[in-house]
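A look at the structure
One-letter residues, chain by chain:
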Amino acid sequence: MSLFEVLVGMLLIAIVALIVMTGVGSVLTSMSATDSIDRASMLQIYTARRLYLLKRGSQITELANEINSSLSSQYPKIKQIEIESSNSFYRKFKVIIETKPGKEISFHVYQGF
């Protein structure tokens, strides 16, 4: 074998390794983003169910602190829960969840009486 054939073989191996590593990196990034979205969705569902059972409006800040303290990780976390409107038929809550530092998701929960 000549030196040229060895160099070409090493170049081809490096190109294949680069393609494989790029694919693995993109898969890991995608899985991380999907995991973050799943965890935020589960927190939304859990928070909405807890708000449905809430009887008094004064328990809102306690509820947010209780949920945040029960989570095993730092993010996602509840940033804010507030009552947007209330009448004799329903209460409308606005919940803001911080999924990552500086990135937030907000949603509304309606509680009927």
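In this text, all values refer to a predicted model and were calculated from it rather than measured experimentally. (Residues numbered from 1 in each chain as written. Predicted model: local features only at pLDDT ≥ 70, side-chain atom pairs only at ≥ 80, totals over all residues. Heavy atoms only, no water.)

Some words on the pairing of strand β2 (residues 90-100)
The test is simple: For every residue, the accessible area (1.4 Å probe, protein chains only) is compared with the maximum for its type, and the residue is labelled buried under 20%, exposed over 50%, or partly exposed between those bounds. Runs of E in the DSSP output that reach at least two residues are strands. Runs of H or I that reach at least four are helices, and both are numbered from the N terminus. When DSSP locates at least two bridges between a pair of strands, those strands are taken to pair.
Counting buried residues along β2, eight of its 11 residues qualify, which places the element largely inside the surrounding structure. One ladder, built from eight bridges, connects strand β1 (residues 77-86) with β2; its direction is antiparallel. The partner of Ser86 across the bridge, within β2, is Arg91. The hairpin turn running from β1 into β2, its antiparallel successor, is three residues long. Summarising the sheet, β2 and strand β3 (residues 103-112) pair through 10 bridges and their orientation is antiparallel. If you follow Glu98 over to β3, its bridge partner there is Glu104. The hairpin formed by β2 and β3 contains two residues between the paired strands, and Gly102 there has a positive phi angle of roughly 90°.

Things to note about the sheet that holds β1
The cut-off we apply is this: Each axis is a line fitted through C-alpha atoms, taken for helices only over the stretch in contact, and angles between the N-to-C directions span 0 to 180 degrees. The criterion used for residue contact is that any of the two residues' heavy atoms lie within 4.5 Å.
What the three strands build is an open sheet, ordered β1-β2-β3; its pairing is antiparallel. A single partner strand is all that each edge strand has here, and the edge strands are β1 and β3. Ignoring strand direction, the axes of neighbouring strands in this sheet form an average angle of 20°. Along the sheet face, helix α1 (residues 3-52) touches β1, β2 and β3 and points at about 25° away from the line of β3.

Some remarks on helix α2 (residues 60-70)
Heads up, the condition is: What the arc covers is the set of directions going from the helix axis to the C-beta atoms.
Residues of α2 that are buried: Ile60, Leu63, Ala64 and Ile67. For α2, the angular spread of buried residues about the axis comes to 95°, placing them on one side. Facing away from the buried side of α2, by more than 90 degrees, are the exposed residues Thr61, Glu62, Asn65 and Ser69. Buried-residue contacts for α2 involve α1, β1 and β2.

Some details on unusual backbone geometry
Across the junction of Tyr75 and Pro76, the peptide omega takes the value -5°, indicating a cis bond. In this fold, Pro76 is placed in the loop between α2 and β1.

A few points about the pattern of salt bridges
For clarity, the cut-off: One speaks of a salt bridge when a side-chain nitrogen belonging to Lys or Arg is within 4 Å of a carboxyl oxygen belonging to Asp or Glu.
Summed over the entire model, instances satisfying the criterion amount to three salt bridges. Of the charged contacts, one joins Glu66 and Arg50 as a salt bridge, the two residues approaching to 2.8 Å between their closest N and O atoms. Taken together, the residues Glu66 in helix α2 and Arg50 in helix α1 connect sequence positions 16 residues apart. We classify Glu66 as partly exposed; its relative accessible area is 41%. Its relative accessible area of 24% is what places Arg50 among the partly exposed residues. With a shortest N-O distance of 3.4 Å, Glu84 and Lys92 are connected by a salt bridge. With a relative accessible area of 18%, Lys92 lands in the buried category.

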